[in-house]
Amino acid sequence: NIMTELPIHEVYAIRYATQPERPEGATFLGGDPSKMIRGLDFFTYVIKGPNGIFVVDTGFNADLSGDGGRNFLEEPSEIINKFGIDPKTVNKVLLTHAHFDHVGNLDHYPQAEFSIHVDEMNSITGPDITYAPFRIAYHERDTQKLINLLYEERLSFYTETVNQVAPGIEFHLVGGHSRGQMVLRVHTKRGWILLASDAVHLYEEVETERPFAIFHDLQKMIEGYRISVQLAGGIDRLISGHDPLVTDWYPAVSNELKGKVLDLNLKPEMN
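I will try to describe carefully the structure that is included in this document. (Residues numbered from 1 in each chain as written. Predicted model: local features only at pLDDT ≥ 70, side-chain atom pairs only at ≥ 80, totals over all residues. Heavy atoms only, no water.)

Here the focus is unusual backbone geometry. The phi torsion at Asp 57 lies on the positive side, around 65°, for a residue other than glycine. Structurally, Asp 57 is set in the loop between β5 (52–56) and β6 (71–72). Residue class for Asp 57 comes out buried when judged on its relative accessible area of 1%. The phi dihedral of Glu 209 is positive, around 50°, even though this residue is not glycine. Tracing the backbone shows Glu 209 in the loop between α6 (203–208) and α7 (218–232). Since its relative accessible area comes to 30%, Glu 209 is described here as partly exposed. (Helix = DSSP H or I, 4+ residues; strand = E, 2+ residues; numbered from the N terminus. Buried < 20%, exposed > 50% of the residue type's maximum accessible area, 1.4 Å probe, protein only.)

As a further point, take the nonpolar core. Among the nonpolar cores identified, the biggest contains 40 residues, and Ile 47, Leu 184, Leu 195 and Leu 264 are the most heavily contacted of them. The leading source of residues in this core is α7, at 5 residues. Not counting chain neighbours up to four residues away, the residues in contact with Leu 264 comprise Val 11, Tyr 12, Ala 13, Tyr 45, Arg 190, Ile 193, Leu 195, Ile 239, Val 246 and Tyr 250. Counting 37 residues, the second largest nonpolar core, distinct from the first, contains Tyr 12, Phe 28, Val 55 and Met 121. (Core = buried A, V, L, I, M, F, W, Y, C linked by side-chain atoms within 4.5 Å. Contact = heavy atoms within 4.5 Å.)

With that settled, the discussion passes to the sheet that holds strand β12 (residues 182–188). In space, the 5 strands of this open sheet follow the order β10-β11-β12-β13-β14, with mixed pairing throughout. In this open sheet, the two edge strands, each paired with only one partner strand, are β10 (162–166) and β14 (238–240). Across this sheet, the average inter-strand angle for adjacent strands is 25°, counted without regard to direction. The strands touched by α7 are β11 (169–173), β12, β13 (191–197) and β14; relative to β13, the strand with the most contacts, the crossing angle is about 155°. (Pairing = 2+ DSSP bridges. Axes fitted to C-alpha atoms, helices over the stretch in contact; angles between N-to-C directions.)

This part takes up the pattern of salt bridges. All told, the structure shown has 14 salt bridges when counted by the stated rule. Between Asp 248 and Arg 38 there is a salt bridge, and its shortest N-O distance comes to 2.9 Å. Within this pair, whereas Asp 248 is found in helix α8 (residues 245–249), its partner Arg 38 is found in strand β3 (residues 36–38), the two being separated by 210 residues in sequence. Arg 38 gets classed as partly exposed once you look at its relative accessible area, which sits at 47%. Between Glu 74 and Lys 260 there is a salt bridge, with the nearest N and O atoms lying 2.6 Å from each other. Taken together, the residues span a long stretch of sequence, with Glu 74 in the loop between β6 and α2 (76–82) and Lys 260 in the loop between α8 and β15 (261–263) at a distance of 186 residues. Residue classification places Glu 74 among the buried positions, given a relative accessible area of 12%. One network of salt bridges, in which partners are shared, links Glu 24, Lys 35, Glu 204 and Arg 210. (Salt bridge = Lys/Arg side-chain N within 4 Å of Asp/Glu carboxyl O.)

Another aspect to go through is helix α5 (residues 140–151). What sets the pattern is the α-helix's 3.6 residues per turn: residues three or four places apart point alike. Here α5 spans 17 Å end to end across 12 residues, near enough to the 16 Å set by a 1.5 Å rise per residue. Those residues of α5 that fall on the buried side of the exposure criterion are Asp 142, Thr 143, Leu 146 and Leu 149. The buried residues of α5 occupy one face: seen down the axis, they fall within an arc of 115°. Residues of α5 that are exposed and point more than 90 degrees away from the buried face comprise Glu 140 and Tyr 151. Those residues of α5 hidden inside the fold are in contact with β8 (113–117), α3 (118–124) and β9 (155–158). Within two residues after α5, Glu 153 carries a phi angle of roughly 60°, on the positive side. (Expected span 1.5 Å × (residues − 1). Arc of directions from axis to C-beta.)

Here we come to the pairing of β12. Counting buried positions along β12 yields 7 of 7 residues, so the element is predominantly enclosed. Of the two faces of β12, the one holding Met 182, Leu 184, Val 186 and Thr 188 and the one holding Val 183, Arg 185 and His 187 are both buried throughout. Here β11 pairs with β12 via 5 bridges, running antiparallel. Directly across from Phe 171, in β12, lies its bridge partner Leu 184. Direction of pairing for β12 relative to β13: antiparallel, over a ladder of 5 bridges. Residue pairing in the sheet places His 187 in a bridge with Trp 192 of β13. Hairpin connection from β12 to β13: 2 residues lie between these consecutive antiparallel strands.

Take a look at the structure:
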């Protein structure tokens, strides 16, 4: 019985915005609102493999920059273009959830088919949005664009807990942070790695099970921390969605793209 070899993918983080500091109270449940801690980095991702190129999430729109002290570095699609991939030719965009910093700039990928979990689409177009705490991280404009894509037959849905995107790429529904939050497990030359997206904003969440301040279901979010570490097989294979430690740990692909395109195919320098 011959084991089928899983395809090897290359995975890169596109860092398009950064936030020098933010209040601990805006970061962690029960955090001190008067204490400033290190801020978030903002990423989208590129996966290259035998099934072509996948873009994972699309970042926030430039006009939302500056809100909450965020510094927009460059359009994610422009960084991807400098990395040698024309965004106009990308035909698959995977959306981990629909918060504003993950589904802006959808029109930068005019050829792409987009996909998201059905639970997330139901959440952003249904009763969940009548609750202000759930609505807070979504943007009406982005939701309307997703609906437009649906009517253009360019949006499809994942419906399972474990969804195969392609051989060696799996989308797992964990929920918690948002109703339809997914994590993406990708097979690379160093084995499986996990793009945790907002299931894990910061490594501290999984290390101490300290809850992030924005969530749909607290218990599911904490369970998601456990699932993420388990799926990743360790912190060195877990790519948190917003931790600047990702930028500290992973090397840039070139000097020109320093701080903007990080190589996730190598073991992190976690010192």
